[in-house]
Amino acid sequence: MISKLPALRRLLLLLIFVYLTITNAGAAIISCQAKSNGIIFKLDRGLMKINICKDDIIEVKYTVFDQFREKNSLIIDHKWQYTAFKFEQSKSRYIITTKRLKVIVNKATNAITYEDLKGQIIAAEDAQNKTMTPATIAGINTYNVSTEFDSPATEALYGLGCHPTDSLSINYKGRDQDLAIRYMTGAIPVVLSTRGYGLMWDNYSASNFYGGIDNNTKFKYVSESGNQADYYFFYGPDFDQIINLYRIATGKAPMFAKWAFGLFQSQDRYMTQKEILSVKDNYRNNHIPVDVIVQDWYYWDPLPIGSHVMNPERYPNPKAMMDELHKANIHGMLSIWPVFGKGTKDYDALNKIGGLTDITWDNIVTHTFDNYYDAHNPKARDLYWQQARDSLVKRYGWDAWWIDQCEPDNGTLLDARRQSNFYTGKGIDYFNSYSLVHTGGIYEGWRRDIPGKRAFFLARQSFAGEQRNAATLWSSDIFCSFAALKIQVPQGINACASGIPYWTSDIGGYQYYWKAPDWSKPEFRELFTRWFQFGAFSPIFRIHGKGERALFSNNWDTATKAILLKFDNLRYRLLPYIYSLAGRVTLDNYTMMRGLTFDFRNDTNVYNIPDQYMFGPAFLVNPVTAQGEKSRKVYLPAASKWYDFWTGNVLNGGQAIDASAPIDVLPLYIKAGSIVPLGPEMEYATQKPGNIIELRIYPGADGSFKMYEDENDNYNYEKGAYATFTITWKDKTRQLIISDTKGKFPGMLKQHTFNVVLAGSNNGTGGAVAQKFDKVVVYSGKAITAKL
């Protein structure tokens, strides 16, 4: 036993062990063995395994141990089938060839290079590539695990989740990012590169990304705890294809109901049933579009958190309240936490099955330390769902669930999270995965027990794979300031570049020094207006925070109300466009909020633009994020001509302009060749059938748009109950072609009337209904061609 050796000799042996472990990077390959789905390499120190998951998805594992410790991945949601590949070797390297790429392994260092079939390098591990280094963290003996890649000067890197207070650039090239999920910062272990590849690390411990190693020539991903390196390589080269492969690996995002793409009205917080119904009345009586009203926390007060009771003195009949909302075609979302105060029956029931953790939330209201349940425990997840289902969700008819506090948040006591014991293992190894398994348990329960209603969950954290759980990520308790608004734009872009399609922020910001700002002051009216404009072009459109800020509020003067209503109406007119994009998210693994590199990866001018993005294929969105701005710089990508949405003026791409931005204008530019379907003005998402569509065509290039329609709120689409048809514009011949409709569903429209508008300076501008049409096309599901 080493402990019985003399102290000096023990120290010498320990130093040798540490040296061998730290210098495992670049370990030489001794032998290899082909398996049905890949190759196992025996190294002079440890093992490496390359799994061929698909022709363009490769998994790489490395360990210093003499065997891999197999795990059930929390991230991967796909059973890989056999993929044919060719395996050969030369004196210095092994070569694995699939139908889409080559994986080349250096025999001397085990470094992997990825090439396309023409021999062009896509990505390459550094010679010092994969390491496992002994470490003691929070008193726990473990291994730091890292992977390192070469990174040319021209490369740009995106993703890594949402970091709501990160004021740095959108591009991670040359900078670092802390990836330990906690209050006000997130982590999604996914990176997209402009070289045409993506990486995803299958590790759940707190991690760090280092993007500027050796004068920005390398980047490294380091996880603080693990028994193997494990990453996935996705080859696009387009970003849409990379995200498609990521979702094939981790799960599709299910459809939200159509109402989820309307306006959410929320506040911290509505105190009574009467107040919620008054919000409903004020929206409907003033004919202001809205689809959801939200009940935030402490509806249970003065009972302990986790009681799952709406205080009957303040909410005398929650079921009747929900019925009243539903009669007004408004849906309700309720905040339910994963935290339990002692003395509640649900606490006792979870404790009895070992379903509580020793991680506590310092309750800022009752000044108690309340326990998080163990979301990694399948029995605890099921019991948690049953408790909330029977006490609140199904009992009263709530339509959506606000999943707060899902870090889990225990303030600065991060070592306590590392030292905690989850059902699956030590907290240090599951530091970042709580929200993934928590939302997974709720989604599984919802699908089983509320089968006719689509799930919608608003979560404060997200991790790789969470999109499959019907979860929208929101950017937490951000400050009410223009500086905070400016940060949200790149954070939304990077969250969506991480594979999470639905993201939102608190319009106006959540708190102003933990109080409500005076929304009647001009500077805060301006802030809310600019944020509302940005929100209207976010995947989910949601007001929330401290202080009254509903669109009917007396805090807004007449001019402010008019601007807010203008953009609220525009959002609702765009629902045929937005809902069709949502269909693509589910069917095609599409991304709705698109960093400019999704569509213009070959235009290097877009690489470092943090505050412009595409909203679907048509809209270039340019939020105004500084107080008092009446114009802003906008770069128009080079691949297209662009239409000013508000004026119809046409501009050349490849130039930066000063875009006019008075307070009632969000600079929006439409890509030439775009087809944008607009519906009528409505007060809720399903108020009117989509049979009459204003179809705006933006000439100057060929284009197409796929329309998607279904029953709006059930899961029959999973059985094929939906319809699509493609609208194509041929610019040279001025032809509009509508394909045959594919698919059908109950209640499907038998006919659409398209009021076609060729957008320009004289017509088809802004959000108002066009006054004249260039053509009226009546479409009955059979292919049709119209000449304009």
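Analysis parameters
- Here, residues in each chain are numbered from 1, in the same order as that chain's written sequence.
- Residue-level local features of this predicted model are given only where pLDDT is at least 70; pairs of side-chain atoms are given and counted only at 80 or more, and the full residue set underlies all totals for whole chains, interfaces and linings.
- Hydrogens and water molecules were not included; the side-chain quantities draw on all heavy atoms of the structure.
- Secondary structure elements are taken from DSSP: a helix is a run of H or I of four residues or more, a strand is a run of E of two residues or more, and numbering for both begins at the N terminus.
- Both definitions apply: the radius of gyration is a C-alpha atom measure, and the globule rule equals 2.2 Å times residues to the power 0.38.
- The buried label applies to any residue whose accessible area, calculated with a 1.4 Å probe on protein chains only, is under 20% of its type's maximum; exposed applies above 50%, and partly exposed to all values in between.
- Each accessible area is a Shrake-Rupley estimate made with a 1.4 Å probe; only the visible protein chains count as cover when residues are assessed.
- Charge convention: Lys and Arg are scored as positive, Asp and Glu as negative, and His as well as the terminal groups of each chain are ignored.
- Charge positions are represented by NZ for Lys, CZ for Arg, CG for Asp and CD for Glu.
- Residues form patches when they are more than 30% accessible in relative terms and have no salt bridge. Like charges link within 9 Å. Nonpolar side chains (Val, Leu, Ile, Met, Phe, Trp, Tyr) link within 5 Å.
- Definition used for salt bridges: Asp or Glu carboxyl oxygen within 4 Å of a side-chain nitrogen of Lys or Arg.
- Here the term cavity refers to a set of points on a 1 Å grid, laid over the protein atoms alone, in which a 1.4 Å probe fits but cannot get out; the term pocket refers to an open set having protein on both sides within 12 Å along at least five of seven lines, with lining residues being those that place an atom within 4 Å of a point.
- Grid points are joined across faces, edges and corners, and a volume is the space filled by probe spheres set on the points.
- Following the grouping adopted for this structure description, the nonpolar residues are Ala, Val, Leu, Ile, Met, Phe, Trp, Tyr, Cys and Pro, the charged ones are Asp, Glu, Lys and Arg, and the polar ones are all others, Gly among them.
- Each nonpolar core is a collection of buried residues, namely Ala, Val, Leu, Ile, Met, Phe, Trp, Tyr and Cys, held together in the definition by side-chain atoms within 4.5 Å.
- We call two residues contacting when some pair of their heavy atoms lies within 4.5 Å.
- For a helix, the expected span equals 1.5 Å multiplied by the number of residues minus one.
- Pairing between strands is defined by DSSP: at least two bridges between them are needed.
- Helix axes are fitted to C-alpha atoms over the stretch in contact, other axes to C-alpha atoms as well, and angles between N-to-C directions run from 0 to 180 degrees.
- Geometric relationships in this document are graded by angle, where less than 35 degrees denotes roughly parallel, more than 145 denotes roughly antiparallel, 65 to 115 denotes roughly perpendicular, and other angles denote oblique.
- Should the near helix be turned anticlockwise from the far one by less than a right angle, the crossing is termed left-handed; should it be turned clockwise, right-handed.

### Overview of the overall build of the protein chain
Next, step 1: Across its full length, the protein chain holds 14 helices and 46 strands.
Next, step 2: Rg of the C-alpha trace for the protein chain: 27 Å, near the compact-globule value of 28 Å for 788 residues, within the 12% margin.
Next, step 3: In terms of principal-axis extent, the alpha carbons of the protein chain reach across some 90 × 70 × 50 Å.
Next, step 4: By residue count, 63% of the 788 residues in the protein chain fall in the buried class.
Next, step 5: As displayed, the protein chain has an accessible area near 28900 Å², and 51% of this comes from carbon and sulfur atoms.
Next, step 6: Positive and negative side-chain charges in the protein chain, numbering 88 and 78 respectively, have mean positions lying 5 Å apart.

### Some points on a nonpolar patch on the surface
Next, step 1: A surface patch of nonpolar side chains, amounting to about 250 Å² of accessible area, comprises Phe-773, Val-776 and Val-778.
Next, step 2: A relative accessible area of 38% places Phe-773 in the partly exposed class.

### Focus: the layout of surface pockets
Next, step 1: The volume enclosed by the largest pocket comes to roughly 470 Å³.
Next, step 2: As for the largest pocket, its lining consists of 25 residues, and the residues nearest its centre are Tyr-183, Trp-361, Ile-364, Gln-405 and Asp-409.
Next, step 3: Per-element accounting of the lining of the largest pocket gives the leading share, three residues, to strand β22 (residues 356–362).
Next, step 4: For the lining of the largest pocket, the residue count by class is 12 nonpolar, five polar and eight charged.

### Remarks on the nonpolar core
Next, step 1: By size, the foremost hydrophobic cluster in this structure holds 244 residues, and its most contacted members are Phe-233, Phe-537 and Phe-619.
Next, step 2: Broken down by element, the residue count for this core peaks at eight residues, all from helix α10 (residues 482–497).
Next, step 3: With residues up to four places along the chain from it excluded, the contact list for Phe-619 reads Phe-537, Leu-574, Tyr-577, Tyr-613, Met-614, Phe-645, Leu-668, Tyr-669, Ile-670 and Val-676.
Next, step 4: Of all hydrophobic cores here, the second largest spans five residues; its members include Ile-137, Ala-138, Ile-140 and Ile-428.

### Focus on helix α3 (residues 239–250)
Next, step 1: Over its 12 residues, α3 extends 16 Å from the first C-alpha to the last, a length consistent with the 16 Å expected when each residue adds 1.5 Å.
Next, step 2: By the criterion of burial, α3 is predominantly enclosed, with nine of the 12 residues buried.
Next, step 3: Looking at α3, one finds that the buried residues are Phe-239, Ile-242, Ile-243, Asn-244, Leu-245, Tyr-246, Arg-247, Ala-249 and Thr-250.

### Quick word on the pairing of strand β39 (residues 675–678)
Every other side chain in a regular strand lies on the same face of the sheet, so the side chains alternate between the two faces.
Next, step 1: The alternating pattern of β39 places Ile-675 and Pro-677 on one face and Val-676 and Leu-678 on the opposite face, and all of these are buried.
Next, step 2: Bridge count for β39 against strand β40 (residues 692–697) is four bridges, and the pairing is antiparallel. Looking at the pairing, Pro-677 lines up with Leu-695 of β40.

### Overview of the pattern of salt bridges
Next, step 1: Counted by the stated rule, this structure contains 42 salt bridges.
Next, step 2: A salt bridge links Lys-546 to Asp-268; the nearest nitrogen and oxygen atoms lie 2.8 Å apart. With Lys-546 in the loop between β30 (541–543) and α12 (558–573) and Asp-268 in the loop between β18 (263–265) and α4 (273–285), this pair connects stretches of sequence that are 278 residues apart.
Next, step 3: Looking at Asp-268, the relative accessible area reads 13%, which means it is buried.
Next, step 4: Salt-bridge contacts for Lys-633 lead to Asp-658; the nearest nitrogen and oxygen are separated by 3.3 Å. Remark: Asp-658 occurs in strand β37 (residues 655–660) and Lys-633 occurs in strand β34 (residues 631–636); sequence separation between them is 25 residues. No difference in accessibility class separates Lys-633 from Asp-658, as the two residues are exposed.
Next, step 5: A cluster of three or more residues bridged by salt bridges with shared partners is formed by Asp-382, Arg-389, Asp-390, Arg-448 and Asp-449.

### Some points on the pairing of strand β28 (residues 471–474)
Next, step 1: Burial along β28 is two-sided: the residues Ala-471 and Leu-473 and Thr-472 and Trp-474 are all buried.
Next, step 2: In the sheet, strand β27 (residues 457–459) pairs with β28 via three bridges, with the strands oriented parallel. For Leu-458, the partnering residue across the bridge sits in β28 and is Thr-472.
Next, step 3: Sheet analysis places β28 next to strand β29 (residues 503–504), joined by two bridges and oriented parallel. Bridging across to β29, Leu-473 finds its partner in Trp-503.

### A look at the packing of helix α7 (residues 378–396) against helix α9 (residues 434–449)
Next, step 1: Put simply, α7 and α9 touch, their axes get as near as 9 Å, and they point 55° apart. Between α7 and α9, the crossing angle belongs to the class labelled oblique. Crossing angle aside, the handedness with which α7 passes α9 is right-handed. Residues Arg-381, Asp-382, Tyr-384, Trp-385, Arg-389, Val-393 and Lys-394 of α7 pack against Val-437, His-438, Gly-441, Ile-442, Gly-445, Trp-446, Arg-448 and Asp-449 of α9.

### Focus on the sheet that holds strand β14 (residues 197–201)
Next, step 1: With antiparallel pairing, the eight strands of this open sheet are ordered in space as β1-β2-β3-β4-β17-β14-β13-β11. Each edge of the open sheet is held by one strand with a lone partner, namely β1 (29–35) and β11 (157–159). The sheet shows a mean angle of 20° between the axes of neighbouring strands, taken without regard to direction.
Next, step 2: Bridge analysis of strand β13 (residues 190–193) against β14 gives four bridges, and the strand direction is antiparallel. By the bridge assignment for β14, Val-191 is matched with Leu-199.
Next, step 3: On the sheet, α3 packs against β3 (46–54), β4 (57–63), β11, β13, β14 and β17 (229–235) and is oriented at approximately 135° with respect to β17.
Next, step 4: Seen against the sheet, α10 touches β11 and β13 and runs at an angle of roughly 85° to β11.

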